[in-house]
Amino acid sequence: MRPDKPRDPIAGPDDGPEPPFPLRLNGKVIKGFGRGSSELGIPTANIPLSGLSIGGHEDVESGVYFGWAGLSPSKATHQHPPGTESKYKHMAVKVYETLNAVLFGTIKEEEQKNSWTKDLGAVYPMVMSIGWNPFYKNTVRSVEVHIMHHFETDFYGSHMNLDILGFIRPELDYVSKESLIEDIKTDIDVAGRSLARPAYAKFIKDPYLLDFKDKDEVAS
Ligand SMILES: Cc1cc2nc3c(=O)[nH]c(=O)nc-3n(C[C@H](O)[C@H](O)[C@H](O)COP(=O)(O)O)c2cc1C
Ligand SMILES: Nc1ncnc2c1ncn2[C@@H]1O[C@H](COP(=O)(O)OP(=O)(O)O)[C@@H](O)[C@H]1O
Ligand SMILES: [Mg+2]
């Protein structure tokens, strides 16, 4: 159960990710148990557990992590660029203000929009869970990514590349669904603040995130 004390507002050292981070992981978005959107109101894009073994990360600790997600062009390019029309707008605006300063300098808004979406896919802030979902007592371990952006459609079959930059907390059981939801919302806030720091924001430019070559699962 959740310890009865306030949560840390930010995760990881300010001067950047410490080993084993950044941790790279990728895979095709597959179906889960269908609970994320319908029961929790927080969709999670699930990828196969084999994503962990491909990266040699089978032993990665279960828990909640934050970082950046690159989504293959199939559906991602049809969406608004990050920071617009998002229900996380307050958080996204904060993240992207910092990113503008760090990455784009004086670049104009229109140029920036193109640089996000082009034919390349797009990169988004994310918070994710790796583990057994103790609240639901799953018998399989899952890897699930909540992208901090509002999408009009789902994107099953897209390929997702992840740069995991830090650990937020262990997975917990909860007394109610509401308390699980509340903690995930706090995770989203913690992830936004954590990623807005320059030493974490700069990973948005990691070419790995938009490298979908040889990913035969990429949806057309
Ligand atoms: C940021 C984040 C934190 C989570 N933390 C927990 C947790 O502490 N305990 C738990 O049982 N499930 C946790 N979950 C997993 C949810 O229970 C899971 O996303 C939900 O069951 C949806 O599963 P589905 O994709 O199979 O539909 C977390 C999910 C996210 C995105
Ligand atoms: N912001 C988002 N983050 C993650 N997935 C999203 C988001 N918006 C829409 N989706 C879609 O919703 C699906 C996840 O919903 P969810 O209810 O968790 O179902 P499942 O159990 O099949 O994973 C993802 O696979 C993706 O296609
Ligand atoms: Mg899911």
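Structure: see above.
This is a predicted model, so every value here is computed, not measured. (Residues numbered from 1 in each chain as written. Chains lettered and ligands numbered in written order. Predicted model: local features only at pLDDT ≥ 70, side-chain atom pairs only at ≥ 80, totals over all residues. Heavy atoms only, no water.)

Overview of the overall build of the chain
Threshold: By the criteria applied, helices consist of DSSP H or I runs no shorter than four residues and strands consist of E runs no shorter than two, each listed in order from the N terminus. Exposure categories follow from relative accessible area, calculated using a 1.4 Å probe and restricted to protein chains: below 20% of the type maximum is buried, above 50% is exposed, and the middle band is partly exposed. The contact rule is simple, with two residues in contact once any of their heavy atoms fall within 4.5 Å.
Scanning the chain from N- to C-terminus turns up seven helices and six strands. Helices (α) and strands (β) of the chain occur, in sequence order from the N terminus, as β-α-β-α-β-α-α-α-β-β-β-α-α. Buried residues in the chain amount to 50% of all 220 residues. Within the chain, contacts between residues at least 6 apart in sequence are counted, and of these 82% link residues at least 24 apart.

Things to note about the site of ligand 2
Put simply, the rule reads: The rule for a residue being near a molecule or strand is that one of its heavy atoms must lie within 4 Å of it. Polar contact is defined as a pair of N or O atoms within 3.5 Å, subject to the rule that within protein one atom must be able to donate a hydrogen and the other to accept it, and that residues adjacent in sequence are counted only when both atoms are side-chain atoms. Areas reported as accessible are Shrake-Rupley estimates using a 1.4 Å probe. Residue values count occlusion only from the protein chains shown.
In the vicinity of ligand 2 there are 20 residues, among which Gly32, Gly34, Ser37, Phe155 and Tyr156 approach most closely. In this structure, an oxygen atom belonging to ligand 2 sits 3.0 Å away from a main-chain N or O atom of Thr44. With respect to ligand 2, the backbone of Phe155 contributes an N or O atom lying 2.7 Å from an oxygen atom. Calculation on ligand 2 without its partners gives an accessible area of 550 Å², and the protein chains cover 93% of this total. Elements with a contribution of two residues or more to the shell around ligand 2: α1 (36-40), β2 (45-47) and β5 (142-147). In terms of residue count, β5 provides more of the shell around ligand 2 than any other element does, three residues in total.

Re the nonpolar core
Just so we agree on the cut-off: What is meant by a nonpolar core is a set of buried Ala, Val, Leu, Ile, Met, Phe, Trp, Tyr and Cys residues, joined one to another through side-chain atoms within 4.5 Å.
Residues Leu40, Phe66, Trp68, Leu165 and Ile168 are the most contacted members of the largest nonpolar core, which totals 26 residues. Ranked by residue count, the leading element in this core is helix α6 (residues 177-195), at seven residues. Membership of the second largest hydrophobic core comes to 23 residues, among which are Ala122, Met128, Met160 and Leu162.

A short note on the coordination of the magnesium ion (ligand 3)
Note the cut-off: Any N, O or S atom lying within 2.8 Å of the metal counts as a donor, and for Na, K and Ca the limit rises to 3.2 Å; water is left out, so some sites can look incomplete. A four-donor site is called tetrahedral if each angle lies between 85 and 135 degrees; a four-donor site is square planar, and a six-donor site octahedral, when trans pairs exceed 155 degrees and the remaining angles lie between 65 and 115; all other cases are labelled irregular.
Within the protein, the magnesium ion (ligand 3) binds to Thr44 (O), Thr44 (OG1) and Asn46 (OD1); these donor distances fall in the range 2.1 to 2.2 Å. Each of the six donor atoms bound to the magnesium ion (ligand 3) contributes to angles spanning 80 to 170°, and the resulting shape is octahedral. Thr44 gets classed as partly exposed once you look at its relative accessible area, which sits at 28%.

Nothing here speaks to function; it is all geometry.
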